[in-house]
Amino acid sequence: MCTERMRTESEVRSWECNRTIILTPEEPRATLTSPDFPRTYPDETYCLTVVTAPPSFTILLEFEELVLENEPSCSYDYVEVVGGNTTVKLCGDWSDRLKLLRQTFTGPSISINFLSDYSHHFGGFKARISIEQGWVSLDTFNYDEDCCLSLQWMPSPTSRLPSGLYWSAQHCDMVGGYVCKKNYLGSGLNLNFNRTINGSEGSLTSPQFPQPYMHNLDYWVVIYAPEKTRIVVKMKALELEPQAECLYDYLEVVDPEGVSGGEPIRLCGHYDQKKLEKVQIVSAGNVALVHFHSDYSVSGNGYALDWRAVDVSGCPLHTTTAKQGQLTSPNYPQFLLSRLDCSTTILAPVSRRVWLDVQDYDISSDAELHVVLGGGEGGLKPYSIPDLISDGIYISAGERMQLTLRTGDAPQGKGYSANYRTVGNAREERVVELGNRQFGRILHINYPAPPPLGVDLTQRFIAPVGNIIHLQFNSPQDSNGILEEDSDCLLGQNFIEVIDSYSDSNDTVWRLCPGMLGSQLSVDSYLNTLKVRTVYGDTPSYINST
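Computed from a prediction, not measured in an experiment: that's the story for all the values here.

## Observations concerning the pattern of salt bridges
1) Next: For the structure shown, the criterion picks out 19 salt bridges.
2) Next: The partner of lysine 126 in a salt bridge is glutamate 64, and the shortest N-O contact between them spans 3.4 Å. Taken together, the positions of lysine 126 in strand β9 (residues 124-132) and glutamate 64 in strand β4 (residues 58-67) put the pair 62 residues apart, joining distant regions of the chain.
3) Next: The exposure class assigned to lysine 126 is partly exposed, which follows from its relative accessible area of 28%.

Have a look at this one:
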C-alpha cells in the first residue's frame, strides 16, 4: 500500500493546460512543459498547445526532457506533435537520445497535445520552441575556403527583424567589426558523397578529416573487391559525437552477406589507439558498405580507415604441387578471420615426402589447425601439448600432406605461417630459441604419431645469455644407449647426438643409441647453447629427452 497527497484546488489551477504561444521576431523563443514539471504530471490530463509563427519562418521544437509511461503504441501517456502533414507521437524514456526528437516545421503553426491516463505518472517533458529564418547566405563561399561566422552589430536585416547582434559569414582572416567568431563547419544537407569503389585496397576518411566534419551528413560508400576475397577494415582514427547507442553521429559498416548475423557494425565516440586495435571488421564476401551519418550539432574530428581484400581462394579446398613454398592463414599476420574452413593439400613427386616447419603459430581459441600426415594417422594439432619445445615440425608418411584450418565466430590470434618442401631422405636443421622457458620436452618428430623413418634432424637450442641447458634423457618403453665419441652405432639404427660446440676446441659429441643405457642420462651445456641431432633409421624407435 502507498499513499499520495492529493493536490489542493489552488494547486490544480496553478497550471494552465490549453494555451496558444505566439512567436515573433521580437520574442522568438518559448518553453513548454508538462503540468507541474519538474514534478510528476497528474493523471487523466489532456493539454492542447498551439504554436504560431510569422510567415516564412520555420518552427524548431527541441526536447530537453521527456519521460512518460512507456507503451509500444503510445496509447497510455503521450505527447503528440502535429504540424502540416507530419504527426509524431512520443512516449517512454528518451533521456539518453533527446537529440533524435528535434523537429523542424515549415509553419505557420503546430499543435502539441499531451495526454495522461488514470495511472502511472512520470517526470513529464520540457521542450524549447523557437523560430528561425534563413536570411544569412553562404553562397559566396566555397567549402574549401576558410570560412568563419562572426557575431556583428547589424541594422535590421529584414523588415521583420530588429537591429542587433547577428551571425554572418566572413573570411577568417578578417579582423575587427565583430564580437567573436568561430569556424563554420558547414552543412552537408545538400552535398552528395555517395560513391562506389572497385579495387583490392584503399583508404576512406570523413569529409574535411582531420578537421571536424560537417553537420547533416548522410552518405554511403560501396566497396567491391575481387571475387573470392573478403574485405578487412582497419580503423586508423575515430572521434565522433558519443551516444550510448550511436544514434547521433556514427560510422556503420554493413555486410550484405551477413557474416555478423546481418547486423551492421556501428561505431561512435572516441577510440584511442589501443581501443582501435581491438576493432575487427571483416565481410563475409567481396562487398562491404560504409555508411556515415552526422546530425545537426556537435562534431568530432571524424574517422579514417584502411581496407584491403584478403584472398580466400584456398577455401574450402586448394591443392599445390610446388616443390617448396610458404603457407599462411588468410589475413596473417593481422588476425584470424571468422568462419573459415580451408584445406590445403601438398602433393610431392613419386617416392618423395613433404617436410613442414611451422614458423609462427598464434591460435588461442575458437580455431584449430590440423596436419594430416597420411599413412592412416589422424590429424595432429600443432602446439597442443604443453612444454613440447620440439613441436611444429612434421614429415608426411607418403607423398601427400594436408593442412586444415577451421575457425568459429570469434577466433583469437593472428594465425600461422609455415614453410614446406618436398624431400627424399630428409636432412634438416632447425634453431629453437628457448626464451623465458625454464622447462620443456624434446620428443620425436610427428609426436604423438609414430616416429618417421629416414630422417636426419639437427636442432640447435639457445637459452638466454647467462643460462646453461641441462638435458636429461629418460628411457621410454625401449632403453637408450651411449657410446664414446669415436664409436659408431649400427648402420641404419636410430641414435641421438648431443653436440656442445663450446666445451672443447673441436666440439664435444655424445652419441646415444637404443639398448645401451639405463633409465636416465644427463648432459649440461658449457655455455647457453646445445645441438641435438636425431637420426631416424630404417626401423622406428623412441628416443626422447627433457
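## Considering the environment of serine 73
1) Next: One can find serine 73 in the loop between β4 and β5 (78-83).
2) Next: For serine 73, a relative accessible area of 47% translates into the label partly exposed.
3) Next: Side-chain polar atoms of serine 73 contact the side chain of glutamate 71, separated by 2.8 Å.

## Some details on unusual backbone geometry
1) Next: The step from phenylalanine 209 to proline 210 runs through a cis peptide bond, and the omega angle for that step is 10°.
2) Next: When you line up the elements, proline 210 lands in the loop between β14 (201-205) and β15 (218-224).
3) Next: Going from tyrosine 332 to proline 333, the amide bond is cis rather than trans, its omega being 5°.
4) Next: Secondary-structure assignment places proline 333 in the loop between β24 (324-328) and β25 (341-347).
5) Next: Non-glycine residue asparagine 331 carries a positive phi angle of around 80°.
6) Next: Here asparagine 331 is to be found in the loop between β24 and β25.
7) Next: By relative accessible area, which is 4% here, asparagine 331 ends up buried.
8) Next: For arginine 339, which is not glycine, the phi dihedral falls at a positive 55°.
9) Next: Of note, arginine 339 is situated in the loop between β24 and β25.
10) Next: Residue arginine 339 is classed as partly exposed on the basis of its relative accessible area of 46%.

## So, the sheet that holds strand β2 (residues 29-33)
1) Next: Reading across from one edge, β2-β9-β4-β7 is the order of the four strands in this open sheet, with antiparallel pairing throughout. At either end of the open sheet lies a strand with only one pairing partner, and these are β2 and β7 (103-105). Across the sheet, the mean angle separating the axes of adjacent strands is 20° when strand polarity is ignored.
2) Next: As paired strands, β4 and β9 are joined by nine bridges and run antiparallel to one another. Bridge pairing in β9 places leucine 61 opposite isoleucine 129.

## Brief notes about the environment of threonine 407
1) Next: Within the fold, threonine 407 resides in strand β30 (residues 400-412).
2) Next: Note on threonine 407: relative accessible area 12%, which makes it buried.
3) Next: For the pair formed by threonine 407 and isoleucine 363, sequence separation is 44 residues and the distance between their alpha carbons is 9.6 Å.
4) Next: Leave out the neighbours within four places in its chain, and threonine 407 touches Leu336, Leu337, Ser338, Arg339, Leu340, Asp366 and Ala367.
5) Next: Only 2.8 Å separates the side chain of threonine 407 from the backbone oxygen of leucine 337, close enough to count as a polar contact.

## Considering the sheet that holds strand β17 (residues 250-254)
1) Next: Here we have five strands laid out as an open sheet, ordered β13-β15-β21-β17-β18, and mixed in their pairing. Only two strands of the sheet have a single neighbouring strand rather than two, namely β13 (195-198) and β18 (265-267). Each strand of the sheet is rotated relative to its neighbour by a mean of 15°, with strand direction disregarded.
2) Next: For β17 and β18, the ladder comprises three bridges, and the chain directions are antiparallel. Bridged to glutamate 252 within β18 is arginine 266.

Parameters at a glance
- Residues numbered from 1 in each chain as written.
- Predicted model: local features only at pLDDT ≥ 70, side-chain atom pairs only at ≥ 80, totals over all residues.
- Heavy atoms only, no water.
- Salt bridge = Lys/Arg side-chain N within 4 Å of Asp/Glu carboxyl O.
- Helix = DSSP H or I, 4+ residues; strand = E, 2+ residues; numbered from the N terminus.
- Buried < 20%, exposed > 50% of the residue type's maximum accessible area, 1.4 Å probe, protein only.
- Polar contact = N/O pair within 3.5 Å; in protein donor to acceptor, adjacent residues only side chain to side chain.
- Pairing = 2+ DSSP bridges.
- Axes fitted to C-alpha atoms, helices over the stretch in contact; angles between N-to-C directions.
- Contact = heavy atoms within 4.5 Å.

Note that every value here comes from positions in space, so none of it alone points to a role or purpose.
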